[in-house]
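# Chains, contacts and geometry: an overview
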Amino acid sequence: MVLQARYADVPIEEKQRLFDQVKADERFESYLYGCYECGICVAACPSARFYDFSPRKIAQAASREDLPMFYEQLNDDIWNCSQCFSCTRCPRGNNPGGLITIMREVSINNGLTSAKNALEGYGRVVYKIMSTGTQVSPDMLQPNAFPDWGPHVQEISDNLALWRRALPPDTMHTTSTAWEVDDKTLTELYLIWHMTGVLDMIKQVDTGLHMILNDVMEELLEEAGFTPE
Amino acid sequence: MPIPLNVLDTRREAREERGPAVPPTEDVREKVFELEAKGEWLVQRVPDPWIGVTTKYGRIKKIPIARTWHHKSCGQCGHIPGYSTAIFWLIRKLGLDYNDPKDQTSCTAWNYYASATSNQGAQAAVAMRNFGAAYESGYFPMIHCGTSYGHYKEVREELVHSAPLRDEVRRICDKLGKPFVMPEEIVHYSEWIYAMRDEFAKRRVLDLSSIDVTVHPACHYHKLVVEDAIYDPDVYGGQRTAVVSSVVTALGANVKDYSTWFDCCGFGFRHILVQRDFTRSFATLRKIDVMREEANPDVVLTHDTGCVTTLDQSQFAARAHKPNVGIPVMSEAQFAALAMGAHPYRVCQLHWHSTEYRPLLEKMGIDWRERWREFEDDLERLKKDDKAYLTWEDADA
Ligand code: SF4
Ligand code: SF4
């Protein structure tokens, strides 16, 4: 009996190929030791309370190498995870959240549509972290970005530059980065993105973002006399 | 003062009879030193003097008192700047030496856990670049963010167990001209606060005996590489991390228990940025509501970036249908600083917080109207360009 009706049209070989990539990750072995199916991870999981989502099923599919279920999770489940690692309470020593980290990487590397959808609206954050070395900046606090945080976001945004000057630590007078990062430091970060293939990953899911990032990085790298490999 | 969890008393007796158990996990720090002996990397030693604290399975962890290199947090510096400022203020108040570097990037793990647009090699290289920068400065890394702390511990495990990963990252560090160095301990700022709590208590100027506190332990502090977090048999029978809670009792305030303490805050990494319906629901339904119902605290204290943001900012929208919300949220660093007389605006920067905190300040004996007037005067001076920035001297004026 086939429990998973979804994605029946996707050839099993494709599901196997993606599963093999997950399994080939160095971390896989230390994240999965088989599963009692006790559900302790589900009881601790915040995402399981709000979505049709279960870390137990993630561990179960991975240990049984249940390819249809794995493929369904890869597309429909993994982006619901909060990556809180409450599931490390597992009595078996599993780390379902860690398995999900690996599955997400594989879905990005393969440019899956579900990964592209999950990252929609998130591109500006990837741009911020990769180009400035800090993930969020004070000037992201705009009422249109955080309408549900109330009118005080407007107040912060209206007073931003002045309020930043009213901070005693020297490194924190910035508005477009969380703190002041040296150019040399940034150049080193850009080299890391190049040398570890992260830029290639971005290309898989967002060619526009990839182009902009390359442009931004090129200048600093050239100034510093580096040619990315 | 011990925080009891009565049901555990009998278990404790049994444990004492049984004697110390062998920790179920290896001590990765031994491996770190073995790799140093093999010439694989340098190990940056915790500078003297340090304080020994106990981690989950009874091992001793060294917490440096001073000469610390501050690995800042994106969300703290960017959106809760009083958090980082309070940490620096506490260090300065004790007259200790520290380094606030510009040669530091984010650990980039918030993005990694949100979008997976990175990989093991890149994450380890970012960590080792920052550790290299700390080593070059001669100061020891102290990590402000719980996620950076948890992630760096994961990276340490991965590097220790994978020669190919070490080779990849060593090659990158060579290219960057950075030394390949692993710190002897990975230290979170809340561990330093825990270690120094009695020093803060000595300098406390406010009476906090009427202040009830609920504590949210940060997931990435105690759920990632669990054996390295601080536990104390006197705090909930050693069944929960002792950081934050111990600081609250040392400062003379009251820790109140609630049933969903283990639950995450709802931050979700990607959810807080692009799927906040989940974040708001979880933060209010599973945390704030339950705390209100079971403990009715004056304030929620936590020790990580995302938790302060989530628990604080999620309460506004919930007001539309939940009269129960409205508990101020801050870090234990800000709370300790206030207790020691720090300015609520110049230092703790509470005007960046969302949920109403003024009744709490009043209950703590702080005249927030007068303090806000002083801060507004500061802003006027800055506006007139009498001075470029508020200084540490101004903060304590
Ligand atoms: S992953 Fe662990 S906690 Fe979850 S069901 Fe399996 S054995 Fe139980
Ligand atoms: S890491 Fe993901 S699967 Fe694990 S408990 Fe958190 S939300 Fe659930």
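All figures in this text were calculated on a predicted structure; none of them were measured in a lab.

For the rest of this paragraph, the subject is the overall build of chain A. Check the secondary structure of chain A and you find 14 helices and zero strands. Sequence-ordered secondary structure for chain A, helices as α and strands as β, is α-α-α-α-α-α-α-α-α-α-α-α-α-α. Taking the principal axes of the C-alpha coordinates as reference, chain A spans close to 65 × 45 × 30 Å. Within the span of chain A, comprising 229 residues, buried residues form 47% of the whole. Considering only intrachain contacts with a sequence separation of at least 6, the fraction spanning at least 24 residues in chain A is 67%.

This part is about the domain arrangement of chain B. All names here are of chain B. In terms of domains, chain B is made up of domain 1 (28–189) and domain 2 (204–374). Computed from C-alpha coordinates alone, the two centres of domain 1 and domain 2 are separated by 25 Å. Between domain 1 and domain 2, the residue contacts involve 35 residues of the former and 33 residues of the latter. No other element matches the nine residues that helix H4 (residues 81–93) contributes to the side of domain 1 that touches domain 2. Considered class by class, the residues forming the side of domain 1 that touches domain 2 number 16 nonpolar, 13 polar and six charged.

A word on the interface of chain A and chain B. In many reports, interface size means the accessible area that the parts give up when they come together. Listed as interface residues are 60 residues of chain A and, on the opposing side, 71 residues of chain B. It is helix H12 (residues 183–195) of chain A that provides the largest number of residues to the side of chain A that touches chain B, a total of seven residues. When its residues are assigned to classes, the side of chain A that touches chain B shows 33 nonpolar, 17 polar and ten charged.

Looking at the assigned domains, one finds that chain A contains domain 1 (12–117) and domain 2 (123–223). Domain 1 of chain A and domain 2 of chain A are separated by 30 Å when their C-alpha centres are compared.

Moving on to the site of ligand 2. All names here are of chain A. In the vicinity of ligand 2 lie 15 residues, with Cys45, Pro55, Cys81, Cys87 and Gly97 positioned nearest. Taken together, the elements giving at least two residues each to the shell around ligand 2 come down to helix H4 (46–50) and helix H7 (96–109). Considering each element in turn, the shell around ligand 2 owes the most residues, three residues, to H7. In terms of residue class, the shell around ligand 2 is made up of ten nonpolar, five polar and no charged.

As a further point, take the site of ligand 1. Residue and element names in this part refer to chain A. The full set close to ligand 1 counts 14 residues, and Cys35, Cys38, Cys41, Ala59 and Cys90 are the nearest of them. Counting only elements with at least two residues in the shell around ligand 1, the list comes to helix H3 (40–44) and helix H5 (55–64). Among the residues making up the shell around ligand 1, the classes are represented as nine nonpolar, two polar and three charged.

So, about the nonpolar core. With 193 residues, the main nonpolar core has Ala86(B), Ala336(B) and Ala337(B) as its most contacted residues. Those residues in contact with Ala86(B) that sit more than four places away from it in its chain are Ser331(B), Ala333(B), Gln334(B), Ala337(B), Ala342(B), Val347(B) and Cys348(B).

Before going further, it helps to spend a moment on the pairing of strand S4 (residues 68–71) of chain B. Residue and element names in this part refer to chain B. Side-chain alternation along S4 places Thr68 and His70 on one buried face and Trp69 and His71 on a second face that is also buried. The sheet contact formed by S4 and strand S6 (residues 140–143) spans four bridges and is parallel. By the bridge assignment, Trp69 is partnered in S6 with Pro141.

So, about the packing of H12(A) against helix H6 (residues 120–137) of chain B. Close contact between H12(A) and H6(B) brings their axes to 9 Å; oriented N to C, the two are set at 160°. Judged by the angle between their axes, H12(A) and H6(B) are roughly antiparallel. Relative to H6(B), the crossing made by H12(A) is right-handed. Here Glu188(A), Ile192(A) and Trp193(A) of H12(A) lie close against H6(B), whose contacting residues are Ala122(B), Ala125(B), Val126(B) and Arg129(B). Of the residues that constitute the contact of H12(A) with H6(B), the class distribution is five nonpolar, no polar and two charged.

The subject of this paragraph is the environment of Ala229(B). Residue and element names in this part refer to chain B. Its place among the elements puts Ala229 in the loop between helix H11 (219–222) and helix H12 (245–250). Considered as a pair, Ala229 and Thr55 are 174 residues apart in the sequence and their alpha carbons are 5.3 Å apart. Once residues lying within four places of it in the same chain are set aside, the contact partners of Ala229 are Thr55, Lys56, Tyr221, His222 and Thr241.

Attention shifts here to the sheet that holds strand S10 (residues 299–302) of chain B. Residue and element names in this part refer to chain B. Taking strand neighbours across the sheet as the criterion, the four strands line up as S9-S8-S10-S11 in an open arrangement whose pairing is parallel. Of all strands in the sheet, those bounded by a partner on one side alone are strand S9 (254–255) and strand S11 (329–331). Bridge count for strand S8 (residues 212–216) against S9 is two bridges, and the pairing is parallel. The partner of Val213 across the bridge, within S9, is Val255. Those strands touched by helix H17 (residues 332–339) are S10 and S11, and its axis lies near 85° from that of S11.

With that out of the way, let us pick up the packing of H6(B) against helix H7 (residues 146–161) of chain B. Packed helices, taken two at a time, are described by their axes: the angle between them and the distance between them. All names here are of chain B. Here H6 crosses H7 at 110°, and the two axes come no closer than 10 Å. On the basis of their axis angle, the class for H6 and H7 is roughly perpendicular. Every pair of crossing elements has a handedness; the one defined by H6 and H7 is left-handed. Seen from H6, the contacting residues are Gln120, Gln123, Ala124 and Ala127; seen from H7, they are Tyr152, Val155, Glu158 and Leu159. For the contact of H6 with H7, a count of residues per class yields five nonpolar, two polar and one charged.

We now examine helix H14 (residues 276–294) of chain B. In this model, H14(B) (19 residues) spans 25 Å end to end at C-alpha, consistent with the 27 Å of a helix rising 1.5 Å per residue. Along H14(B), the largest kink reaches about 35° and is centred on Thr284(B). Listed in full, the buried residues belonging to H14(B) are Arg276(B), Phe278(B), Thr279(B), Arg280(B), Phe282(B), Ala283(B), Thr284(B), Lys287(B), Ile288(B), Met291(B) and Arg292(B). Those residues of H14(B) hidden inside the fold are in contact with H4 of chain A together with S8, helix H13 (271–274), S10, helix H15 (305–313) and helix H16 (315–318) of chain B. Note on H14(B): the residue one or two positions beyond its end, Asn296(B), has a positive phi of about 40°.

Ordered by their spatial adjacency, three strands build an open sheet running S5-S4-S6 (chain B), and the pairing between neighbours is parallel. Looking at strand neighbours, the two that pair on one side only are strand S5 (98–99) and S6 of chain B, the edges of this open sheet.

Criteria and thresholds
- Residues numbered from 1 in each chain as written.
- Chains lettered and ligands numbered in written order.
- Predicted model: local features only at pLDDT ≥ 70, side-chain atom pairs only at ≥ 80, totals over all residues.
- Helix = DSSP H or I, 4+ residues; strand = E, 2+ residues; numbered from the N terminus.
- Buried ≥ 20, exposed ≤ 12 C-beta atoms within 10 Å, placed from the backbone.
- Contact = placed C-beta atoms within 7 Å.
- Domains from an automatic or database assignment.
- Nonpolar A, V, L, I, M, F, W, Y, C, P; charged D, E, K, R; others polar.
- Near = placed C-beta within 6 Å.
- Core = buried A, V, L, I, M, F, W, Y, C linked by C-beta atoms within 7 Å.
- Pairing = 2+ DSSP bridges.
- Axes fitted to C-alpha atoms, helices over the stretch in contact; angles between N-to-C directions.
- Parallel < 35°, antiparallel > 145°, perpendicular 65-115°, else oblique.
- Left-handed = near helix turned anticlockwise from the far one by under 90°.
- Expected span 1.5 Å × (residues − 1).
- Bend = angle between axes of the 7 residues up to and from the residue.

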